[in-house]
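# A structural walkthrough
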Amino acid sequence: MSQKEIHKKVVILGSGPAGLTAAIYAARAQLDPLVVDGPQPGGQLTITTDVENYPGFADGIMGPALMEEFRGQAERFGTEIIQTWIDSVDLSERPFTLYGKENQDTEEISTIIKADTLIISTGASAKWLGIPGEDPVPNGLGGNGVSACATCDGFFFRDVPVVVIGGGDTAMEEATFLTRFASKVTIIHRRDEFRASAIMQERALKNPKIEVLWNTEVKEILGTQEKGVTAVKIFNNETGEESEMATSGVFVAIGHQPNTQLFEDWLEMDDVGYIRTEGSSMKTNIEGVFASGDAQDSYYRQAVTAAGTGCMAAIDAERFLAENESEESADAASGEG
Ligand code: NDP
């Protein structure tokens, strides 16, 4: 297979709110950006339902529809979007080099991308509990009754009981959404209070189909490949009591992990893996590399803040390129003289 080589002034990894906003700004600045779609094009909003807190949509908008708008706007100004699995990167010199494959499982490098500047907007992915039964099929029941996405899989749990694990906004949102299908939704939380926002807690707690098991940890997911999930083994950390609870579905909603493993050897990160940026800018420790959205923000993690930091990263990249181009032409001019 022939290898494709692309050289761009601005390369953006990830097509969630951060990446596509960076693309809109870079494209309008005539920088002809390239966006590389990750394994989940459009990012986390494509697996959510109503988004009620994105400004400009008084009646709310569905997550996937919002991301279609972002994408259309980025493309309207000339953004090129490609799909390739980035296998490794070399950030030792500019232009930076990114090695892309057709998919995760192949060995062969099919695309080499050279980037004068790089904006990392690779977002974050759902975290898992690491308990028996949770692994994907065939080793466990993942995808066969265990899920981290109610929007994707809720439909399969009509008129049966399900559990949602977690106590943040994601857990509240998943639980509330699942009441459309399931006969009963039990939120299992390890403490005696939620960390979710007041409004989302209230909505979940008011729902007659939702019950909460406080101070409870799920130790194992039980079932068979034929029947799917049949029960969870639970442990009450106040009383020390262990028991089994029948259920047909388990939705894990315990937060997210930034998708930054590719950059571990190059960029400064915090203990969890969020990329560190400098002061109020989106600059990383490597000149010409910028980070935005959930890959660098462990605190706000909202679509609108991701979009905001995407805009900042594009402006930072634009200024970096302008400064470097004028330095390069000054060097060339002094060389001539
Ligand atoms: P959070 O980190 O806020 O919450 C994670 C929850 O999972 C916590 O309750 C935590 O328990 C629990 N948890 C973590 N690890 C484990 C474990 N190993 N076993 C059992 N329980 C565990 O993550 P979210 O994804 O809920 O939210 C992230 C951000 O996204 C927040 O800022 C949130 O506001 C935002 N968000 C907004 C939405 C909206 O506005 N529509 C929707 C979804 C998210 P504990 O409390 O004990 O630490």
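Since the model is a prediction, treat every value here as computed from it, not as a measurement.

Cis geometry is found at the peptide bond from Arg-94 to Pro-95, where omega equals -5 degrees. In this structure, Pro-95 sits in the loop between strand S6 (85-90) and strand S7 (96-101). Along the chain, Val-137 connects to Pro-138 via a cis peptide bond; the corresponding omega equals 10 degrees. Structurally, Pro-138 can be placed in the loop between strand S9 (124-126) and strand S10 (146-147). Residue Gln-30 is not a glycine yet carries a positive backbone phi of 65 degrees. Here Gln-30 shows up in the loop between helix H1 (17-28) and strand S2 (34-37). Judged by its relative accessible area of 68%, Gln-30 is exposed. Look at Asp-32: it is not a glycine, yet its phi comes out positive at around 50 degrees. Along the polypeptide, Asp-32 turns up in the loop between H1 and S2.

Formed by 28 residues in total, the largest nonpolar core has its most connected members in Val-10, Ile-12, Tyr-54, Leu-66, Phe-70, Ile-119 and Phe-290. Elements with a minimum of two residues in this core: strand S1 (4-13), H1, helix H2 (63-76) and helix H6 (303-336). Tallying contributions element by element places H6 first for this core, with seven residues. Apart from residues no more than four positions distant in its own chain, Tyr-54 is found in contact with Leu-66, Phe-70, Ala-303, Val-304 and Ala-307. Of all hydrophobic cores here, the second largest spans 22 residues; its members include Ile-86, Val-89, Leu-98 and Met-269.

Before going further, it helps to spend a moment on the sheet that holds strand S16 (residues 242-246). Taken in spatial order, the three strands make up an open sheet running S14-S15-S16, and their pairing is antiparallel. Because the sheet does not close on itself, it has two edges, and the strands there are strand S14 (216-224) and S16. Between one strand axis and the next, the sheet turns through 25 degrees on average, direction left out of account. When strand S15 (residues 228-236) meets S16, the two strands line up antiparallel, connected through five bridges. Bridged to Ala-231 within S16 is Ala-246.

Cut-offs used in this document
Residues numbered from 1 in each chain as written. Predicted model: local features only at pLDDT ≥ 70, side-chain atom pairs only at ≥ 80, totals over all residues. Heavy atoms only, no water. Helix = DSSP H or I, 4+ residues; strand = E, 2+ residues; numbered from the N terminus. Buried < 20%, exposed > 50% of the residue type's maximum accessible area, 1.4 Å probe, protein only. Core = buried A, V, L, I, M, F, W, Y, C linked by side-chain atoms within 4.5 Å. Contact = heavy atoms within 4.5 Å. Pairing = 2+ DSSP bridges. Axes fitted to C-alpha atoms, helices over the stretch in contact; angles between N-to-C directions.

All quantities given are derived from atomic positions and should not be read as evidence of function.
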